[in-house]
Amino acid sequence: MVDGKKVLARTIAVLCLAGVAVGGAVYAKETNLKDRIWLNQHVSIEQASSGDGEVQEINNAKAVSFWNLDYQQTVTNKINKEVKKGNYTIENPLLIINPYGTNTCSVNVYFEAEEGATLEYEVSTADYGTFKATAYTGEEKGLYQAQMLGFMPEEENTVTLTLKKDGETIGTSTYTVKMLSAASKVTKKAEYIDGESTQKLENGLYVAFGHSKSFDANVYMYDNEGILRGELPLREYRSDRLLFVDNCIMYSYGFNKIAKVNHLGQIVNTYKFSNDYELHHDFIYDEEKDRILMLASSTKGETVEDLILSMDLKTGVTKELIDMKDLMPEAYENAVQPDKKEKLDWIHINCLQLTNTGDLLLSSRETSTIICVTDIDTEPKLSYFICDESMWEGTAYEQYVLTKDGDFTAQAGQHSITVMKEESEALEDGQYYLYMFNNNFTYSGTRPQIKWDNYKGTGSYGVPADASKYYRYLVDTNAKTFTLVKEFDVPYSPYVSSAENYGDNFVVASGSVGRGKQSACYYGEYDQDGNLIRQFDFKDGNYVYRVYKYAFENFYFAE
């Protein structure tokens, strides 16, 4: 057993050459290379540029895109070969900076040790405090391998590794690592204020999606102190959430591309569908059918944000499930084209969810309506609408509107609808809970004839409301009613934004507080009574589309 007090300290300045190291902000053209012999010759594990041999980097001599699966497998093969011959231990581990290019704030660690131990690590910097975690090290017996987060870009980071078994330290070592820049110029530390609530923040990382713009907007991870601890570089289009599938995370990295990434950061698969479609706003995992359901727009059509696609994860086959123009032809035909708009955004679906019975819920921002569609794989048809009755009065769709049970104002311009599946299981058949970020914003650019008289206390174009709201409904499809069972105020945001039930708390992002140059994003955590625990100010860009919190258990961190 190694005495925990005898810490082996090593200081390494790790500076990667631009265009050579995967860890840098290098975005070479994605290729379809099949010659792994050629790749093997031009990819290597080498001593970091100015280090003394203790920390390694991947030399990608030809700057092959890290999205290439052959490249990813070549890196894995190199690492596996090195681990087998290297006799690495907790006192002398193999450390590689961001070997797969998928997280710029990471260092991977590999070593062998007796089974049944846990790996704890601490990453410290002079200006950004200490990040502590217990790493998830995989399932291989005797081989400990993990991707460690929390390394601050452009900073000198001191990382201490501690291996424990039965509460006793059996090995430790310390290193200092100088990291590269992040892929984007993003806030390293978000300012925050504490609210009146004394409830503790839940463990996990706040993950910000859609930073400032839809294009080339990376994914950022922040801890409970507002410190940047991870960054997932993307290629073209923002991602809108992370999906956890087969012990991997899945996220979009282009307009028609989705990546599947394991706990070490390796891209194990990519999915690309037809150039005739582009992703927008949301995608979810349908576990029962092992597929992803996606919101999409046609690249060749005259409308946007009105299609739903299905992608089979076993075959990669993508097909169009629903065209809302077919389900709601009168609504489509009566929509008007706003000035200066090239395509008609007549329904603007911004979120989708599956109920426990397999029905599909679609959030239409343009009509402040939540639409239920049944039989999505055979003969899709409208089932019911959740909205104020005035929205569809006098149209062919008024028959679908559920009755508002109680004296409250229905949602307006909502985002981020979520079915509470586990909680709904305790209800009667035909009932479920549904929560959302209620923007409280009454505007429809394609339907200027809408009368908003029933929407009391809401904001309108140029006239802000006092607040947006967290809303939770009890939906009863038997009684054909919806009832507001929980609400609380959050900072007003007319567009974007998200709400999430997370542990015992709520995570809410007001993604566009104000508009234009004065716009900002606040995200925060609230207790069960809707009282603020802590609110963060994300200052970068004009908005953040969503902020969700993830525990990353049995992925980055041990359970």
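As shown above, the structure is provided for reference.
Parameters and conventions
Residues numbered from 1 in each chain as written. Predicted model: local features only at pLDDT ≥ 70, side-chain atom pairs only at ≥ 80, totals over all residues. Heavy atoms only, no water. Helix = DSSP H or I, 4+ residues; strand = E, 2+ residues; numbered from the N terminus. Rg over C-alpha atoms; globule rule 2.2 N^0.38 Å. Buried < 20%, exposed > 50% of the residue type's maximum accessible area, 1.4 Å probe, protein only. Pairing = 2+ DSSP bridges. Axes fitted to C-alpha atoms, helices over the stretch in contact; angles between N-to-C directions. Core = buried A, V, L, I, M, F, W, Y, C linked by side-chain atoms within 4.5 Å. Contact = heavy atoms within 4.5 Å. Polar contact = N/O pair within 3.5 Å; in protein donor to acceptor, adjacent residues only side chain to side chain.

If you tally the helices and strands in the protein, you get five helices and 38 strands. The globule rule puts the C-alpha radius of gyration for 559 residues at 24 Å, and the 25 Å found for the protein is close to it. Seen through its principal axes, the protein has C-alpha atoms that stretch 75 × 55 × 45 Å. Per-residue burial over the protein gives 58% buried out of 559 residues.

The next point concerns the sheet that holds strand E25 (residues 369–374). Reading across from one edge, E23-E24-E25-E26 is the order of the four strands in this open sheet, with antiparallel pairing throughout. Looking along the sheet, the strands with just one partner apiece sit at the ends: strand E23 (349–354) and strand E26 (381–386). Between one strand axis and the next, the sheet turns through 25° on average, direction left out of account. Strand direction decides the pairing type here: E23 and strand E24 (residues 360–364), joined by five bridges, are antiparallel. The partner of cysteine 351 across the bridge, within E24, is serine 363.

This paragraph deals with the pairing of strand E29 (residues 431–438). Counting buried positions along E29 gives seven out of eight residues, so the element sits mostly inside the fold. Sheet topology note: the strand E28 (residues 415–420)/E29 ladder contains four bridges and is antiparallel. Paired with methionine 420 across the two strands is tyrosine 433, which belongs to E29. Bridge analysis of E29 against strand E32 (residues 468–476) gives eight bridges, and the strand direction is antiparallel. Opposite tyrosine 433, over in E32, you have leucine 474 as the bridge partner.

The tendency in soluble globular proteins is for nonpolar side chains to be buried as a group. In this structure, Tyr121, Met148, Leu161, Phe552, Tyr556 and Phe557 are the most contacted members of the largest nonpolar core, which totals 63 residues. Phenylalanine 552 has contacts with Leu205, Val207, Met221, Leu242, Phe244 and Phe557, leaving out every residue within four places of it along the chain. Ranked by size, the runner-up nonpolar core spans 52 residues in total, among them Leu321, Ala331, Trp346 and Ile417.

Below, the discussion takes up the environment of asparagine 505. Among the secondary structure elements, asparagine 505 is positioned in strand E35 (residues 505–513). Overall, asparagine 505 belongs to the buried group, its relative accessible area being 1%. Through-space distance from the C-alpha of asparagine 505 to that of glutamine 414 is 20 Å; in sequence the pair is 91 residues apart. Excluding residues within four positions of it along the chain, asparagine 505 makes contact with Gln199, Lys200, Leu201, Glu202, Glu500, Glu525, Tyr526, Asp527, Gln528 and Ile533. A distance of 2.9 Å separates the side chain of asparagine 505 from the side chain of glutamate 525, its partner in a polar contact.

The subject of this paragraph is the sheet that holds strand E2 (residues 43–47). As a general point, the strands of a sheet are linked pairwise by backbone hydrogen bonds and lie either parallel or antiparallel. Ordered in space as E2-E3-E4-E5-E8, the five strands form an open sheet in which the pairing is mixed. Here the strands that pair on one side only, and so sit at the sheet edges, are E2 and strand E8 (143–148). Direction aside, the axes of adjacent strands within the sheet are offset by 25° on average. Sheet analysis places E2 next to strand E3 (residues 55–60), joined by five bridges and oriented antiparallel. Within E3, the position partnered with valine 43 by the bridge is asparagine 60. Contacts from helix H2 (residues 69–86) reach E2, E3, strand E4 (94–97), strand E5 (107–112) and E8, with the element oriented near 50° to E2.

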